[in-house]
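Now for the letters of each chain:
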Amino acid sequence: KQFMAESMVTDTSPATRQLKDIIDSLTDLGYEGPLLQERHLEKCIIEGVESVEFIHFVTWLSNDISKMLKLEESITTGLGPDDSNVFKLEVKGFLSALQCPYRFLTKDLDVLLKLEHRYAILEYLTSELQATKLIVLDQKEDSKVDEQQPLILAHDATISVLQGLQCSQPPAHVTLEMITSKILDKVQTLAQSKPNYFGTPLFDRNLNSEQWVCLHRCSHFVVLISFY
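Remember, it's a predicted structure, so these values are computed and weren't measured experimentally.

Caption draft 1: Here's a closer look at the packing of aromatic side chains. Counted according to the given criterion, the structure contains four aromatic pairs. Geometrically, the ring pair formed by Tyr 102 and Tyr 124 is edge-to-face, given 5.4 Å between the ring centres and 65° between the ring planes. Of the two residues, Tyr 102 is situated in the loop between helix H5 (84–97) and helix H6 (103–106) and Tyr 124 in helix H7 (residues 115–141); the sequence distance between them amounts to 22 residues. A residue is classified by how much of its surface remains accessible, and Tyr 102, at 1% relative accessible area, is buried. Taking the relative accessible area as the measure of exposure, Tyr 124 reaches 2% and is therefore buried. By way of ring pairs, the aromatic residues Tyr 31, Phe 57 and Trp 60 are connected into one cluster.

The structure is reproduced here in structure tokens:
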């Protein structure tokens, strides 16, 4: 009975769930290598940068995304455990270029030190590669879509937010980052001077690493639904 109870706990642990999610994503991506075996994948993740296979796995996922999105950032191929410091810096730089929403993956000095972070990186990269392939495929099939339309929609949405906060329209040379900073400053000022201005928040807690991963997967699920 004790053994069965321990097995049930193991099967429902976050690490086990993440392993299954990563394997599911790899299967959908058409991967047919040894990392589809749960124990092999788990060993690879536990060893981290000490494993050539882990380094090559992260490099493959990252560089496929980089090529499809035409990013300048990528990870040098052929790195090994002896190049772990270079690899860590390049992974951190790539995640930042990809605008990874998990602050714990882009702000930590050693992004690959913690086991849960290595799980999160692989889960993020596999799901990101899935979504990127679908988006690229969708763009190819619908070549008539105006490439500027997403930028126009983003611009219109930003202007609407500024108007709602009674902010003046920014000059043409102002960057999106500067506008976002202005919006955040305005929101913080209003929240302090008028506590009831925005009403009662539905959620006012900081998300932990596992919750960020779940939120990210939910956003990709929305992309999959819209695609199909």
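So much for the structure itself; the text now carries on.
Caption draft 2: Local environment of the pattern of salt bridges. Taken as a whole and assessed by the stated rule, the structure comprises four salt bridges. Close ionic contact of Lys 20 with Glu 38 constitutes a salt bridge, the shortest N to O distance being 3.4 Å. Here the residue Lys 20 occupies a position in helix H2 (residues 14–28), and Glu 38 occupies one in helix H3 (residues 38–47), the gap between them amounting to 18 residues. Residue classification places Glu 38 among the partly exposed residues on the basis of a relative accessible area of 32%. If you follow the salt bridges from partner to partner, you end up with Arg 17, Asp 21 and Glu 123 in one network.

Caption draft 3: Molecular detail of the environment of Ile 135. Its place among the elements puts Ile 135 in helix H7. For Ile 135, a relative accessible area of 40% puts it in the partly exposed group.

Caption draft 4: Up close: the nonpolar core. Grouped together as the largest cluster of nonpolar side chains are 37 residues, with contacts concentrated most on Phe 87, Leu 95, Leu 105 and Leu 125. Secondary structure elements with two or more residues in this core: H2, H3, helix H4 (52–69), H5, H6 and H7. At seven residues, the largest contribution of residues to this core is made by H7. Non-local contacts of Phe 87, meaning those with residues more than four positions away in its chain, are made with Val 49, Phe 54, Ile 55, Val 58, Thr 59, Ile 75, Leu 79 and Leu 112. Core analysis: the second largest hydrophobic core is formed by eight residues, Leu 162, Leu 165, Ile 179 and Leu 190 among them.

Caption draft 5: Representation of unusual backbone geometry within the structure. Positive phi values are uncommon outside glycine, yet Lys 70 reaches one of about 55°. Topologically, Lys 70 is positioned in the loop between H4 and H5. By relative accessible area, which is 75% here, Lys 70 ends up exposed. Residue Gln 99 is not a glycine yet carries a positive backbone phi of 55°. For Gln 99, the location among the structural elements is in the loop between H5 and H6.

Definitions and cut-offs
Residues numbered from 1 in each chain as written. Predicted model: local features only at pLDDT ≥ 70, side-chain atom pairs only at ≥ 80, totals over all residues. Heavy atoms only, no water. Phe/Tyr/Trp six-rings, centres within 6.5 Å; stacked < 30°, edge-to-face > 60°. Helix = DSSP H or I, 4+ residues; strand = E, 2+ residues; numbered from the N terminus. Buried < 20%, exposed > 50% of the residue type's maximum accessible area, 1.4 Å probe, protein only. Salt bridge = Lys/Arg side-chain N within 4 Å of Asp/Glu carboxyl O. Core = buried A, V, L, I, M, F, W, Y, C linked by side-chain atoms within 4.5 Å. Contact = heavy atoms within 4.5 Å.

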